[in-house]
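Chain by chain, the residues:
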Amino acid sequence: MKKWIWLMLILFAIGAITAGGWYYYPQYKIDRLKAQNAATTESSGNKPHQEDVSYIQHLKHLSGKELHHLALGDSVIQGRGSNQGGFIKMANNEMSALTSNKVQLDNQGISGATSSDLLAYLSSPGMSDRVKSADIITINIGGNDLVKLALKEGPVKALQDYQNVKSTYEKNLIDIFSLIRKENPHAILVYNELYNAVDSEESFYPATKKLLNDWNLIAYETTSNYKPSVVIPSSEVLKPENRKEWIYDTIHPNEKGHERIARQMIKALKAPYKEN
């Protein structure tokens with residue numbers, strides 16, 4: 001993504017700041033939701049309760065069947081920047097090892113997909129059967145909603161339409177999760193949060209941080225309403241301060257970046273399994 005596109009995106013963030021309340025509030029809410037879903041560890045000296053079964057263990061207990069993993073979303077799901085199938089393939093291989101079971105990956109990622117595209121795609125022929133047969137469904141979507149509007153409408157119109165774009169994204173995400181849950185009440189839903197690919201030294205970095213926090217808060221709140229579900233905290237390991245280590249082009253993670261997301265996904269799936 002070229003620098004001028006990020007300059008357009010800053011206008012979205014400015015609109016969010018002036019119209020949407022406190023700068024730090026979204027991050028505060030995200031941190032609280034992360035804490036609620038954190039894995040039980042032995043760092044305090046206390047062993048996990050016996051009844052605390054992780055998402056990985058839950059999948060392992062689905063014995064006697066091949067596990068099905070459906071991946072939905074954009075080019076990050078596709079694996080852009082990786083020669084090994086991206087984070088989704090890496091995590092899939094690790095899940096197979098941890099569950100002692102074959103995990104069949106069905107990668108339906110589409111480059112450039114927006115939340116509206118994914119919602120429509122879920123209604124296309126054959127997708128209902130794919131969703132119904134899945135034991136785990138991983139989603140990465142939302143970044144292109146902002147980028148495509150900026151490119152199509154220009155910065156002034158983009159600023160004016162920020163709240164509409166945000167509301168549409170939120171509605172689409174709820175509809176996506178609702179449609180999946182209608183077809184499959186029990187699959188584990190995994191959402192990969194958006195990460196900030198802007199260099200932390202850029203003057204407009206704080207605005208993009210606010211922008212992505214707004215987007216990620218929608219994702220965390222929506223995901224929490226459709227358990228069993230987890231969010232991959234990819235921004236914890238894809239930090240703007242060391243982006244040269246994990247960036248492939250100007251937006252996609254490289255091999256190391258995908259490896260980091262994969263590890264975060266497995267870590268998230270080691271949290272205690274929760275149903276509604």
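Report on the accompanying structure. None of these values were measured; they are calculated from a predicted model. (Residues numbered from 1 in each chain as written. Predicted model: local features only at pLDDT ≥ 70, side-chain atom pairs only at ≥ 80, totals over all residues. Heavy atoms only, no water.)

Our next topic: the pairing of strand β3 (residues 136-140). Of all five residues in β3, five are buried, a share of seventy percent or more. Taking every second residue as pointing to the same face, both faces of β3 are buried, with Ile 136, Thr 138 and Asn 140 on one and Ile 137 and Ile 139 on the other. Taken together, the five bridges between strand β1 (residues 67-73) and β3 define a ladder with parallel strand orientation. Residue Leu 72 lies in a different strand from β3, and its bridge partner there is Ile 139. Taken together, the four bridges between β3 and strand β4 (residues 188-192) define a ladder with parallel strand orientation. Paired with Thr 138 across the two strands is Val 190, which belongs to β4. (Buried < 20%, exposed > 50% of the residue type's maximum accessible area, 1.4 Å probe, protein only. Helix = DSSP H or I, 4+ residues; strand = E, 2+ residues; numbered from the N terminus. Pairing = 2+ DSSP bridges.)

It is worth spelling out the sheet that holds β4 at this point. Taken together, the five strands give an open sheet; going across it, the order is β2-β1-β3-β4-β5, and neighbouring strands pair in parallel fashion. Both outer strands of the open sheet, β2 (103-109) and β5 (229-232), are each paired with one neighbouring strand and no more. With strand direction ignored, the average angle separating the axes of adjacent strands in the sheet is 15°. Sitting on the sheet, helix α10 (residues 162-183) touches β1, β3 and β4, and the angle it makes with β4 is about 155°. On top of the sheet, helix α11 (residues 205-224) reaches β4 and β5; it is set at about 160° to β5, its chief contact. (Axes fitted to C-alpha atoms, helices over the stretch in contact; angles between N-to-C directions. Contact = heavy atoms within 4.5 Å.)

To continue, consider helix α13 (residues 255-269). The terminal C-alpha atoms of α13, which comprises 15 residues, lie 21 Å apart, in line with the 21 Å expected from a rise of 1.5 Å per residue. Of all 15 residues in α13, 11 are buried; the element is thus mostly enclosed. What α13 keeps buried is the set Glu 255, Gly 257, His 258, Arg 260, Ile 261, Ala 262, Gln 264, Met 265, Ile 266, Ala 268 and Leu 269. The opening residue of α13, the one whose side-chain oxygen lies 3.1 Å from the backbone nitrogen of Lys 256, is Asn 254. (Expected span 1.5 Å × (residues − 1). Polar contact = N/O pair within 3.5 Å; in protein donor to acceptor, adjacent residues only side chain to side chain.)

Considering all chains together, one arrives at six salt bridges under this definition. One salt bridge connects Asp 106 with Arg 130, and the closest N-O pair in it is separated by 2.6 Å. Within this pair, whereas Asp 106 is found in strand β2, its partner Arg 130 is found in helix α7 (residues 127-133), the two being separated by 24 residues in sequence. Taking the shortest distance from any N to any O, the salt bridge between Lys 171 and Asp 175 comes out at 2.8 Å. On the criterion of helical spacing, the pair formed by Lys 171 and Asp 175 is a turn pair, its members being four residues apart in helix α10. Under the relative-accessibility criterion, Lys 171 is labelled exposed at 52%. (Salt bridge = Lys/Arg side-chain N within 4 Å of Asp/Glu carboxyl O.)

As enumerated under the stated definition, the model contains four aromatic pairs in all. Here the aromatic rings of Tyr 55 and Tyr 273 are separated by 5.3 Å at their centres, their planes lie at 65°, and the arrangement is edge-to-face. A residue pair is termed long-range when its members are at least 10 positions apart, and Tyr 55 in helix α3 (residues 55-60) and Tyr 273 in the segment after α13 qualify at 218 residues. Tyr 273 shares its class with Tyr 55; the two are buried. An angle of 50° between the planes, with centres 5.6 Å apart, marks the rings of Phe 177 and Tyr 226 as tilted. Residue Phe 177 is located in helix α10, and its partner Tyr 226 is located in the loop between α11 and β5; the two are separated by 49 residues in the primary sequence. (Phe/Tyr/Trp six-rings, centres within 6.5 Å; stacked < 30°, edge-to-face > 60°.)

One way to put it is that helix α5 (residues 86-99) packs onto α13 with a least axis distance of 8 Å and a crossing angle of 40°. Comparing their axes, α13 and α5 come out oblique. Handedness of the α5/α13 crossing: right-handed. Together, Gly 86, Phe 87, Met 90, Ala 91, Glu 94, Met 95 and Leu 98 of α5 and Glu 255, His 258, Glu 259, Ile 261, Ala 262, Met 265, Ile 266 and Leu 269 of α13 make up the contact between the two elements. Within the contact of α5 with α13, the residues separate by chemical class into 10 nonpolar, two polar and three charged. (Parallel < 35°, antiparallel > 145°, perpendicular 65-115°, else oblique. Left-handed = near helix turned anticlockwise from the far one by under 90°. Nonpolar A, V, L, I, M, F, W, Y, C, P; charged D, E, K, R; others polar.)

Attention now moves to the nonpolar core. Ranked by internal contacts, the top residues of the largest apolar core, which has 31 residues, are Phe 87, Met 95, Ile 136, Ile 188, Val 190, Met 265 and Leu 269. The leading source of residues in this core is α13, at six residues. Counting residues in each nonpolar core, the second largest holds 29 residues, with Val 131, Ile 137, Tyr 169 and Leu 173 among its members. (Core = buried A, V, L, I, M, F, W, Y, C linked by side-chain atoms within 4.5 Å.)

This part covers the side chain of Arg 181. Structurally, Arg 181 is set in helix α10. Glu 275 is the oppositely charged side chain nearest to the buried, salt-bridge-free Arg 181, at an N-O distance of 8.0 Å. (Lys, Arg positive; Asp, Glu negative; His and termini not counted.)

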